[in-house]
Amino acid sequence: RLPAAAGRLLAVIAVAGRPLLQSIAERAAGVDDPSVLALLKAGSFVRSRAVGEQRLVEAYHDRVRETALTVLDPVERRELHRRLALAYEASASPDPETLAYHLEGAGDPVRAAEHAVLAAQRATEALAFDRAANLCRLAMRLNPGAVDHRLRLALAEALANAGRAAEAAEAF
């Protein structure tokens, strides 16, 4: 029963699955009217908060997000993931892990795997070794044909650095 623009914005926020920049949500939904977000906030569908000079939006509650997702068919979800990926790519500093998630959802596993590898490298640099290992595995699952010794080695080193010796030995 929401107006079309509000429904599109809520669907984008639901598909994102986590807080996202308001500008990215509005770009992906094709919404440029501030009253649309105000309507969703007034109805307790979404909430927003400031982080520095930027505003993040998210579903007000997981039940709202889950309900919004149930009305989307797989084709609509894939299209929203594609629109979110495009909006993130157009941002100043796109997060490769987020891009991997949305590109996978958009049905583009090869590009998703490329971004998962970049995200794994960033996670390693941040000493987040479990996350790096998970991202390496994601890249391998998404694009098995592109798995090479460097990716296998990155996985093994991430596991070793995470203190998961048995898994690291198997990966090595």
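Caption draft 1: Spotlight on the overall build of the chain. Each helix and strand counted, the chain has 10 helices and 3 strands in total. For the C-alpha atoms alone, the extent of the chain along its principal axes is close to 55 × 35 × 30 Å. Of all 172 residues assigned to the chain, the portion counted as buried reaches 39%. Once local pairs closer than 6 in sequence are excluded, the contacts in the chain between residues at least 24 apart make up 50%. Split by element, the accessible area of the chain, about 9,700 Å² in all, is 53% carbon and sulfur. Charged side chains in the chain number 22 positive and 22 negative. The centres of these two groups are separated by 4 Å.

Caption draft 2: Layout of the side chain of Glu58. With respect to the helices, strands and loops of the structure, Glu58 is situated in strand β3 (residues 54–59). Given a relative accessible area of 19%, Glu58 falls into the buried group. If sequence neighbours within four positions are ignored, Glu58 has contacts with Ile13, Pro19, Val46, Arg47 and Arg49.

Caption draft 3: Here's a closer look at the environment of Ala156. Mapped onto the secondary structure, Ala156 falls in helix α9 (residues 149–161). Judged by its relative accessible area of 0%, Ala156 is buried. Separated by 79 residues in sequence, Ala156 and Arg77 place their C-alpha atoms 34 Å apart.

What counts as what
Residues numbered from 1 in each chain as written. Predicted model: local features only at pLDDT ≥ 70, side-chain atom pairs only at ≥ 80, totals over all residues. Heavy atoms only, no water. Helix = DSSP H or I, 4+ residues; strand = E, 2+ residues; numbered from the N terminus. Buried < 20%, exposed > 50% of the residue type's maximum accessible area, 1.4 Å probe, protein only. Contact = heavy atoms within 4.5 Å. Areas by Shrake-Rupley, 256 points an atom, 1.4 Å probe, with all protein chains shown as cover. Lys, Arg positive; Asp, Glu negative; His and termini not counted. Charge placed at Lys NZ, Arg CZ, Asp CG, Glu CD.

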